[in-house]
Amino acid sequence: MLTSDLVGVAAKAAFDKLALNPVLVNVADRLAIAESFLIASASSERQVRAIGEEILDRVADELGVEPDHIEGRTGNRWILLDYGELVVHVLLDEERDFYRLENLWSDGVIVPLEDPALSDPVRERLGA
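Presented here is an overview of the structure given in this document. (Residues numbered from 1 in each chain as written. Predicted model: local features only at pLDDT ≥ 70, side-chain atom pairs only at ≥ 80, totals over all residues. Heavy atoms only, no water.)

1. Some points on the pairing of strand β2 (residues 36-42)
Here is the key point about a regular strand: its side chains alternate between the two faces of the sheet. β2 sits mainly inside the fold: 7 of its 7 residues count as buried. Of the two faces of β2, the one lined by Ser36, Leu38, Ala40 and Ala42 and the one lined by Phe37, Ile39 and Ser41 are each fully buried. Pairing geometry for strand β1 (residues 20-26) and β2, over 5 bridges, is antiparallel. By the bridge assignment, Asn26 is partnered in β2 with Ser36. (Buried < 20%, exposed > 50% of the residue type's maximum accessible area, 1.4 Å probe, protein only. Helix = DSSP H or I, 4+ residues; strand = E, 2+ residues; numbered from the N terminus. Pairing = 2+ DSSP bridges.)

Put into structure tokens, the structure is as follows:
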């Protein structure tokens, strides 16, 4: 499976559930365990859960892929979905502001994502 397919499906699912400020961070040069992080936030715990569940369902339905590991499904303040080459972080707004994951990985390429319904920047930026 191509990383761009996984990123595209996950990003579209996040947008469909109104995720806020999604970005794709290339961490391949700093981590051996993943190529990219998809980071998005939501304004409520309920929305964090809805975004996480939509990503899980859509990736499984469209690509037949299940995450290797899931964290945070019970608390709904930060859900982590580990798909190997892609790790998805869906955080409550205040958690994202506090942990500032983008700053931790600022030496990697950070790509703000646009709604895939409007265009397909994920595939274009990943060269797919």
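2. Observations concerning a negative patch on the surface
On the surface, a cluster of negative charge is contributed by Asp57, Asp61, Glu62 and Glu66. Structurally, the position occupied by Asp61 is in helix α2 (residues 45-63). (Patch = residues over 30% accessible without salt bridge, like charges linked within 9 Å, V, L, I, M, F, W, Y side chains within 5 Å. Areas by Shrake-Rupley, 256 points an atom, 1.4 Å probe, with all protein chains shown as cover. Salt bridge = Lys/Arg side-chain N within 4 Å of Asp/Glu carboxyl O. Lys, Arg positive; Asp, Glu negative; His and termini not counted. Charge placed at Lys NZ, Arg CZ, Asp CG, Glu CD.)

3. Describing unusual backbone geometry
The phi torsion at Leu18 lies on the positive side, around 65 degrees, for a residue other than glycine. Here Leu18 falls in the exposed class, since its relative accessible area comes to 60%. In this structure, Asn76 takes a positive phi of about 60 degrees despite not being glycine. Inspection of the secondary structure puts Asn76 in the loop between β3 (69-71) and β4 (78-82).

4. Focus: the sheet that holds β2
The strand order across the open sheet built from 6 strands is β3-β4-β5-β2-β1-β6, with neighbouring strands paired in mixed fashion. Every other strand in the sheet has two partners, leaving β3 and β6 (110-112) as the edge strands with one partner each. Geometrically, the sheet is characterised by an average inter-axis angle of 15 degrees between neighbouring strands, direction not taken into account. One ladder, built from 5 bridges, connects β4 with strand β5 (residues 86-92); its direction is antiparallel. Bridge assignment links Trp78 to a residue of β5, and that residue is Leu91. Lying on the sheet, helix α1 (residues 3-16) is in contact with β1, β2 and β5; it crosses β5 at an angle near 15 degrees. (Axes fitted to C-alpha atoms, helices over the stretch in contact; angles between N-to-C directions. Contact = heavy atoms within 4.5 Å.)

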